[in-house]
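Now for the letters of each chain:
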Amino acid sequence: MVYKFDPTTVASHFLTFLQRNFGYPDYNVIDDGKWHRFRTPQDHGGEKSGAYFVSSDDWPHGYAKDWRTGAELTWTFPRDKLDSSAREGFTEKEYKALLEKSRKHHKKLMEALAVEQANASIRARDMYNNFPVAPEDHPYLVKKHVRALGGLHYYNKIGSLAVPLRNINGDVASIQWIDKNGKKSFFAGAATKGVFFSIAMDTLKPDMPILLGEGYATMATVYDLTELPCVATMNCGNLYAVAEALKSKYPQNKIIITADNDTKTQGNPGLSHAQET
C-alpha cells in the first residue's frame, strides 16, 4: 500500500511537538527533509539556537535540537493519529518497512550534520588561532570586573571576545562570541554539547576539585576567588555532558558545581540542571 501523507497535517503535528518541547514560536514549519533554524524563547536579536528537519517521505519523521541547551529529540508521526480507514489499511509489515526507511533517512541527515560540525570546528579553530589576546579593558570584562583568562582572544573586526570552547582532548571545537554589550552567540554550525571553556586545567592535581559552572564571567570570578581549575559549560543544558566527560578523564578529582540560581526564570533551569547533573 502507498499512503500519501498530507504535508499540512504532518507539519501541524510536528509544530505541536516543537512547541511542547522547545517553545517554538514560528508557525512556518517547512516539511522538506532539510535543516532549518528557529528561534527559541531564550534567543535575542537575530539568534536562532534551534534547528529541525521534518520529512513526509516514507513514514513522517523529524528531529529538533536546541544548540543553546544541547536538548535534542526525535519525532515520528503517531500512528494513532491516522484516520481509521488509513490505519487499518497498513499491515504491520508495511508499517515497519516504512519506519525503517525513515530511520535510514534520519541517519543520513545526522551523518551530514556531524560532517558539518567537524568542518565548522576546523574553521573556528583556525579563526581563534589568528586572533590576538583579549584586551583587559574590553567593555564586557570591565562591566563584569573580571580578567582575560584561559586563552581569551579578541576578534577586533566585530569587537567581540572569542571564548575558546574545547573538547575533552583540549582541541578548540567552537567559539562563543561576547560583544561589548554582553550579547552571546556561538560559532555557526559548530557543536556545543560536551565542549567547554577552562581556566588553569593544566595545574590540576589528583587532590584538587574541578569547579564547574555556566558562563565565562561566573567562572573567571570563581577562579579569582579560589585559584582552582575552573570549567564553564556556557549553558545549563551542557552541564551534564561536560561533567560526564570530565569524570571520565579525571575520575580521581571531585567536581563541584557552582550553579546559577535562576530565580527569575520559570523552572529555575540553572539550579535544576545542576541538581540533575
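Coordinates for the structure precede this section.
Rules of the game
Residues numbered from 1 in each chain as written. Predicted model: local features only at pLDDT ≥ 70, side-chain atom pairs only at ≥ 80, totals over all residues. Heavy atoms only, no water. Phe/Tyr/Trp six-rings, centres within 6.5 Å; stacked < 30°, edge-to-face > 60°. Helix = DSSP H or I, 4+ residues; strand = E, 2+ residues; numbered from the N terminus. Buried < 20%, exposed > 50% of the residue type's maximum accessible area, 1.4 Å probe, protein only. Pairing = 2+ DSSP bridges. Axes fitted to C-alpha atoms, helices over the stretch in contact; angles between N-to-C directions. Contact = heavy atoms within 4.5 Å.

### Digging into the packing of aromatic side chains
Here a ring pair, both rings aromatic, is described through the centre-centre distance and the interplanar angle of the planes.
Step number 1: Taken as a whole and judged by the stated rule, the model has 18 aromatic pairs.
Step number 2: Here F131 and W177 contribute two aromatic rings whose centre-to-centre distance is 6.1 Å and whose plane-to-plane angle is 65 degrees, an arrangement assigned as edge-to-face. With a gap of 46 residues between them, F131 in the loop between helix 3 (92-129) and helix 4 (139-144) and W177 in strand 7 (residues 172-178) connect regions that are remote in the sequence.
Step number 3: Exposure remark for F131: the relative accessible area of 13% places this residue in the buried category.
Step number 4: Among the aromatic side chains, those forming a connected cluster through ring pairs are F14, F17, F22, Y24, F38, Y52, W59, W75 and F77.

### Considerations on the sheet that holds strand 3 (residues 61-66)
Step number 1: Read from one edge of the open sheet, four strands run 1-2-3-4, paired in antiparallel fashion. The sheet is open, and its two borders are formed by strand 1 (36-38) and strand 4 (72-76), each paired with just one other strand. Across this sheet, the average inter-strand angle for adjacent strands is 20 degrees, counted without regard to direction.
Step number 2: With five bridges joining them, strand 3 and strand 4 adopt antiparallel strand pairing. Across the sheet, G62 pairs through a bridge with W75, a residue of strand 4.
Step number 3: Against the sheet, helix 1 (residues 7-22) engages strand 1, strand 2 (50-55), strand 3 and strand 4, with an angle of about 155 degrees to strand 4.
Step number 4: Against the sheet, helix 3 touches strand 2, strand 3 and strand 4, its axis set at about 30 degrees to strand 3.

### Looking at the environment of I175
Step number 1: By the element assignment, I175 lies in strand 7.
Step number 2: According to the relative accessible area criterion, I175 is buried, its value standing at 0%.
Step number 3: For the pair I175 and L109, spaced 66 residues apart in sequence, the C-alpha to C-alpha distance is 24 Å.
Step number 4: Aside from chain neighbours lying at most four places away, what touches I175 is A124, Y128, A162, V163, L165, S185, F186 and F187.

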